[in-house]
Amino acid sequence: MLHPLKLTSQFAPEALRRLPTSIHCFCSIRMRLNSGRHYSRTQWRGERLHGHDVCTLLTRGLKIQNNGRSFGVSAATIVNAAPTRLQPYLRLMRLDKPIGTWLLYLPCTWSIALAADPGCHPDVGMLTLFGTGALLMRGAGCTINDMWDKEFDKKVSRTAIRPIAAGEVSRMQALVFLGGQLSLALGVLLCLNVYSIALGATSLSLVITYPLMKRITYWPQLMLGLTFNWGAMLGWAAVRGSCDWSICLPLYISGVMWTLIYDTIYAHQDRDDDIKIGVKSTALRFQEQTKTWLGGFSVAMMSGLVVAGINADQTLPYYAVLSTVALHLVHQIYTVDIDKPEDCWKKFVSNRTLGMLIFLGIVAGNLWKDKEEVLLQKEELKTLKNTIEA
């Protein structure tokens, strides 16, 4: 018998217990965690689902969508469409949750765009290369993190379904998979100049040690910032052959401050679980003073972006966009409810928009340089003409 279902986390578990002991489902399974993120499985067609299993999963926020309806193509949908044996590995590298890849990639785009010649668009080939690298290195970082945190992840409802913690992938299998990701990432790195290869290689130590920081310091988000924003230096070096530290350093510091903002908000989702299992975070360090700290990080971030812009001879559109970015930060920090995981997730994800705004501002500002140069040349010609006539 076919029972098409549509269940959401708003339904009370008591109502679910009235379901038959077992039901045959023709549906797709999607887990919406308390943080608002999704964990998707392949479609269950004719699989047997027990009532008590539904209740157990629902307490974690399960959402069952009925009749195999299409709700749009997403990263999770793509992962679900992959062969069953491949899916745990795709989830291990968080291919179903691309927000982390975006946050790793965007500082690279800022740097590449700033390094473009006046009046020119950023190098599309370089943007593509760095996008591929960001995907691979984010996947490698997540694999390393899950290998280190297997026992911790088992104790947290949000992370218990990760492939290694859930037993879908062994540590040895994860290690082999990690080797494959790093090998591909090395191939991407070798496409760059020698300076960039050396600079990129130095970031590997940060990638490996970051997952350990939550065990020893309340500032693991700072280490994540140092790791995630390496592209703010690497992108410029890849285009220009070396770093202009007057631009790359303030841009890098701005990225680190940005990470402290969004990852502190993110960490508030796991505050209670972190206390129970004994790991540290800036969310636990700041507690009720979180918004004050985030405000300070925002000022430092915006200051760094202004300094980088001045040193890169940025123009009016860049600074106009920075004012919008500042408003975005103010709204994000002022309105976030750190006691509601779903709101923390919503604000965290909004940082993709913020990062893209900065990139577009840099591109627009760079294109405006060409117009300024044309106007300057016209003024010089006019002055020369007036001098000759006089």
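The sections below set out a description of the structure shown in this document. (Residues numbered from 1 in each chain as written. Predicted model: local features only at pLDDT ≥ 70, side-chain atom pairs only at ≥ 80, totals over all residues. Heavy atoms only, no water.)

Here's the deal with the overall build of the protein chain
Rules: Helix numbers and strand numbers start at the N terminus; a helix is a DSSP run of H or I with at least 4 residues, a strand a run of E with at least 2. Whether a residue is buried, partly exposed or exposed follows from its accessible area with a 1.4 Å probe, protein chains only, as a fraction of its type maximum: under 20%, in between, or over 50%, in that order. In this description, accessible areas are obtained by the Shrake-Rupley approach with a 1.4 Å probe, and a residue is regarded as covered only by the protein chains that are shown.
A count of helices and strands for the protein chain gives 20 helices and four strands. Burial analysis of the protein chain (390 residues in total) assigns 50% to the buried set. Looking at the protein chain as shown, the accessible area adds up to about 18600 Å², and 63% of this sits on carbon and sulfur atoms.

Here's the deal with the environment of S298
To keep things clear, this is the line we draw: The contact definition used throughout considers only heavy atoms, calling two residues in contact when any of these lie within 4.5 Å. Nitrogen and oxygen atoms within 3.5 Å of one another constitute a polar contact, given that in protein one can donate a hydrogen and the other can accept it, and given that sequence-neighbouring residues count only through two side-chain atoms.
In this fold, S298 is placed in helix 17 (residues 290–311). Separated by 40 residues in sequence, S298 and W258 have C-alpha atoms that sit 7.1 Å apart. Excluding anything up to four places from it in sequence, S298 contacts I261, L329 and I333. Among the polar contacts listed, one links the side chain of S298 to the backbone oxygen of L294, at a separation of 2.9 Å.

Comments concerning the pattern of salt bridges
Convention followed: The term salt bridge refers to a pairing of a side-chain nitrogen on Lys or Arg with a carboxyl oxygen on Asp or Glu at a separation within 4 Å.
Taken as a whole and judged by the stated rule, the model has 10 salt bridges. Ionic pairing is found between R162 and D146, a salt bridge with its closest N-O pair at 3.6 Å. Of this pair, R162 sits in the loop between helix 7 (150–154) and helix 8 (171–189) while D146 sits in helix 6 (residues 124–148), and the two are 16 residues apart along the sequence. Like R162, the residue D146 is buried in the burial classification. Between R215 and D149 there is a salt bridge, with the nearest N and O atoms lying 3.0 Å from each other. Of the two residues, R215 is situated in helix 11 (residues 213–216) and D149 in the loop between helix 6 and helix 7; the sequence distance between them amounts to 66 residues. Given the relative accessible area of 26%, R215 is considered partly exposed. A residue is classified by how much of its surface remains accessible, and D149, at 1% relative accessible area, is buried. Connected via shared salt-bridge partners are R94, D146, D153 and R162.

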